[in-house]
Structures are given as C-alpha cells and as structure tokens.
Amino acid sequence: MVRIFYFALFLVAGLWMVSAAAGASSAAAEPTPETAEVDTDTLFIDTDSVEAVADSFMHDAKEALTSKEVTAYRAFAMIKDPAVTILPAKNRMATAYDALLGYNNLTLPTNEGRLAEVRKPHSRSYLRVTLTTSSEVTYKVLPRGGKDIVGIAYTVGDSATVRDSELRFYDERFRPIALKRVMTPLRIEDFFDFRGVDKGMRGELMALLPFMAVEYSFSPDNEELRARLTAVEALSREDQQRLAPYLRSPLLLVWDGGKYRRMDK
C-alpha cells in the first residue's frame, strides 16, 4: 500500500512538471504584455486510474500469496493470529507481497495509527515484524512429514518489563496445531540443574521465582528455537546471584522433522 501511495504522488509530480514545461514553452513562443491575464490550468488527478492501479496491485498480491506453498510471507498475510489483530488484512497482504518481491525498509500502519515494521533479514521461511515499541511477532516455516507448518512467536516486553513469549503453530492449511503435538511445554524447573541440591534448598530457590516468563526466538538461518528464562531479570541482584550457579538459560531446542526437542536431553 505504501508503494501505491508513492506511485500516485509520483504521478501527480510528473503531470505537474509536464504542465509547467508546456506553459514555459508557450510563453517563450508567444510573449504577452505584462498586463495580460495569466490563465491557470487546473491539474486533475484521475482517481479512477489510481484506484485501478491499487486494485491491480492487490490482485497481484492475492494471486502470489494464495498459492499452496507455505511461506512466512503468506503466513503473515493469511493467518488470523491474535498477535496481528492490530494490522488490517489488506495492509498485511500488501506488505507481504512487497517483502516477497524483495523490498526492504517495509512499514505498515496499524489500527492504532502507528507503524509496524518488517525487520531484516527476512526470507520465505522467516519473517519478523515489530508491531509496537514493546511487541513483535516472528514467523518460521518448519518442514514436517512432507508438509510444511508455521511456528509463530509473539513476544511482549521492553526495557521496563521482562520479555515474555507465546508460541503457536499452524498446519499447511493454516489451521491451529496443539502445542503439545509440536513440543513438550517447558516448565520453570527445566531451566535449572539442581543435581546435588537437597529438596529443602531446591524449594527455597524455586520460591524466589513467583512467575514464569520465557522469551522464545526462532533462528533466521535454521530451524533452531531458543528459550530464555527472563523471569529471573525481575529479581533483585542478590536473588539472581543465588540462582546463577544452577541456571541453564537459554535452552536450545532442535527440530527433528516432527517436534522440537531439548538439545541437552
């Protein structure tokens, strides 16, 4: 949609320059007295033509993004994930098409009047979009049993709050897949190695963490997924130091063609 706006602006500027050049040429060929009345041409924009260009662009985008191939671009445009409700469907479609064509520095307006941004790098298997100053969504295409699926990580948080992610997965027809079918949900205990620590001390250390917050990050280069326990960042420095000897974060999860599995198991 942004490219359509600039195309229309370019069209207007071009018509204005042609009109100005024609006026200058006429004035040079037929000089008029200083007191002569100057005719002012009114520049009309053919809105029908501009709308036709926009409609053609959206048609091309829809054609390119409704194929059966599962790509991160198509997933961004087509999946009605809760993370992207602030992005109108037409804006997602147009931006996904621009990204598919290889354009960079892509932004799109949200329902809140702000601009979301497609981050680099992006590819047919990976796409990351900054939604607001404190939220982002990442799309990752994963091969599974001869049919690709899509993983989505929706992350919120900023410098004032710890980052926390929600993971969701969709099949090749963009239907939701239960998380347990793709990976074993992580527990807060998975981020610690308490071997050799007695039960009482283990309970005391775990009590320092009143909630669980984990940031999930898909790799742009392969199918790896990293899970970082961010809840510890909300603790005092003293409590962080008490937990540090036992903490195993981030955890690396590898894709085996069907599920994510922890690398340390």
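This structure is a prediction, so every number in the text was calculated from the model and none was measured. (Residues numbered from 1 in each chain as written. Predicted model: local features only at pLDDT ≥ 70, side-chain atom pairs only at ≥ 80, totals over all residues. Heavy atoms only, no water.)

Trainee: Requested: an account of the pairing of strand β3 (residues 126–132), with residues and values cited.
Mentor: For β3, the tally of buried residues reaches six of seven residues, placing the bulk of the element in the interior. Relative to β3, strand β2 (residues 115–118) runs antiparallel, the two sharing two bridges. The residue of β3 that forms the bridge with Val 118 is Val 129. Pairing analysis gives six bridges linking β3 to strand β4 (residues 135–144), with the strands arranged antiparallel. Looking at β4, one finds that Thr 132 is bridged to Ser 135. Adjacent in sequence and paired antiparallel, β3 and β4 are bridged by two residues. (Buried < 20%, exposed > 50% of the residue type's maximum accessible area, 1.4 Å probe, protein only. Helix = DSSP H or I, 4+ residues; strand = E, 2+ residues; numbered from the N terminus. Pairing = 2+ DSSP bridges.)

Trainee: Account for the pattern of salt bridges, with residues named and values stated.
Mentor: Following the criterion strictly, the structure yields 17 salt bridges and no others. Two residues, Glu 166 and Arg 168, come together in a salt bridge whose shortest N-O distance is 2.7 Å. By relative accessible area, Glu 166 is classed as partly exposed at 43%. Beyond isolated ion pairs, a larger network of salt bridges with shared partners links Arg 128, Glu 136, Arg 163, Glu 215, Arg 228 and Glu 233. (Salt bridge = Lys/Arg side-chain N within 4 Å of Asp/Glu carboxyl O.)

Trainee: Report on the environment of Asp 221, specifying residues and quantitative values.
Mentor: Relative to the helices and strands, Asp 221 is located in the loop between β8 (214–218) and β9 (225–229). What makes Asp 221 exposed here is its relative accessible area of 70%. Residues Asp 221 and Pro 121 lie 100 residues apart in sequence; the distance between their C-alpha atoms is 9.6 Å.

Just geometry here; none of it tells us what the structure is for.
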